[in-house]
Amino acid sequence: MARPTVTVCRGCCCGTAKIPRLDHEAQLADLRASLAEVAMVRRVDCLDACDHANVIVVQPSAEGRRAGGRPVWLGLVNDRDAAADITAWVDAGGPGLADPPGVLDLYAFTPSRRVRHEFEE
């Protein structure tokens with residue numbers, strides 16, 4: 001069964017000292033541990049959306065995509081509560097299968113068409 005994918009940016013801005021007061025490695029480790037049974041969590045060098053650091057993209061599972069789910073880009077994910085909300089949503093099924101907690105609307109953004117196209121390839 002295809003699972004959702006959670007892509008965590010850890011490049012030139014995301015995951016660095018440019019975003020202070022957050023243990024970036026702990027955030028990634030927490031996501032991996034809490035989602036190990038329900039999603040693939042991957043680390044990438046740069047998603048080219050630095051204005052929104054730290055960026056996390058939640059891609060739907062195959063079932064979620066068939067139900068209309070599309071990748072959701074979340075920016076400024078710089079606290080434990082935001083990561084916990086992402087975890088709860090993905091655990092419930094993610095895009096297409098479960099509505100995200102309302103607070104995630106504050107983090108959602110649309111990257112440029114070029115960035116979206118490069119990411120989806």
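All of the points below concern the structure found in this document. Remember, predicted model here, so these are calculated numbers, not experimental data.

Thresholds, definitions, all that
- Residues numbered from 1 in each chain as written.
- Predicted model: local features only at pLDDT ≥ 70, side-chain atom pairs only at ≥ 80, totals over all residues.
- Heavy atoms only, no water.
- Pairing = 2+ DSSP bridges.
- Helix = DSSP H or I, 4+ residues; strand = E, 2+ residues; numbered from the N terminus.
- Contact = heavy atoms within 4.5 Å.
- Axes fitted to C-alpha atoms, helices over the stretch in contact; angles between N-to-C directions.
- Buried < 20%, exposed > 50% of the residue type's maximum accessible area, 1.4 Å probe, protein only.

**Quick word on the sheet that holds strand β1 (residues 5-9)**
Within the open sheet, the 5 strands sit side by side as β2-β1-β3-β4-β5. Their pairing is mixed. The strands lining the two open edges of the sheet, one partner per strand, are β2 (40-44) and β5 (108-109). In terms of strand pairing, strand β4 (residues 72-74) meets β5 through 2 bridges, oriented antiparallel. Bridge pairing in β5 places L74 opposite A108. Sitting on the sheet, helix α3 (residues 80-91) is in contact with β1, β3 (56-59) and β4, with an inclination near 10 degrees to β3.

**Observations concerning unusual backbone geometry**
At the junction of A53 and N54, the peptide bond is cis and its omega measures out at 0 degrees in the coordinates. For N54, the location among the structural elements is in the loop between β2 and β3. The backbone phi angle of R21 is positive, close to 65 degrees, even though this residue is not glycine. The residue R21 is located in the loop between β1 and α1 (24-35) in this model. The exposure class of R21 is exposed, given its relative accessible area of 80%.

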